[in-house]
Amino acid sequence: MKRLALIIIGHFKPEWNILSEEEQAAFATRVARTARKVGVTPLVGYKLSTPGSFLEVWEADDKATLDQFKRELDALGYKTFYDEVLMVGERAAEWIATESVGAKKSL
């Protein structure tokens, strides 16, 4: 099974820091809800060593789903709060096979 990822390397804009913690949490909730709605799975998120920078990896079955997710993020105002660099990657098939074997062993 082919899996594609939207990889976001971002940096918080000053507008993010103007939001209260509650507003930040509400925005993050809207992003997660949008991901579920379009069929995108969050894989990982990291704070990077450069202050205010982060990396997110979101995965889907096809590029059309990732494109829809990106449009939905834009509609939410994602670019208002983050500068971003986007990349799309395809998961290597051997990683998927390894995960399947590991999952079977743990059952």
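Coordinates for the structure precede this section.
Reference entry: report on the structure contained in this document. Here the structure is a predicted model, which is why all the values come from computation and not from measurement.

So, the nonpolar core
Okay, step 1: Among the nonpolar cores identified, the biggest contains 19 residues, and Val 40, Trp 58, Phe 69 and Tyr 78 are the most heavily contacted of them.
Okay, step 2: Taken together, the elements giving at least two residues each to this core come down to strand S1 (4-12), helix H2 (21-38), strand S3 (53-60), helix H3 (63-76) and helix H4 (78-81).
Okay, step 3: Of the residues forming this core, the biggest block, four residues, is contributed by H2.
Okay, step 4: The residues contacting Phe 69, other than those within four sequence positions of it, are Leu 6, Val 31, Thr 34, Ala 35, Val 38, Val 40 and Trp 58.

So, the sheet that holds strand S2 (residues 41-47)
Okay, step 1: The strand order across the open sheet built from four strands is S2-S3-S1-S4, with neighbouring strands paired in antiparallel fashion. Because the sheet does not close on itself, it has two edges, and the strands there are S2 and strand S4 (82-90). Strand-to-strand twist of the sheet, defined as the mean angle between neighbouring strand axes without regard to direction, takes the value 15°.
Okay, step 2: Both S2 and S3 contribute to a ladder of six bridges, which runs antiparallel. Bridged to Lys 47 within S3 is Phe 54.

About the criteria used
- Residues numbered from 1 in each chain as written.
- Predicted model: local features only at pLDDT ≥ 70, side-chain atom pairs only at ≥ 80, totals over all residues.
- Heavy atoms only, no water.
- Core = buried A, V, L, I, M, F, W, Y, C linked by side-chain atoms within 4.5 Å.
- Buried < 20%, exposed > 50% of the residue type's maximum accessible area, 1.4 Å probe, protein only.
- Helix = DSSP H or I, 4+ residues; strand = E, 2+ residues; numbered from the N terminus.
- Contact = heavy atoms within 4.5 Å.
- Pairing = 2+ DSSP bridges.
- Axes fitted to C-alpha atoms, helices over the stretch in contact; angles between N-to-C directions.

Limitation: the analysis is restricted to geometry and does not speak to function.
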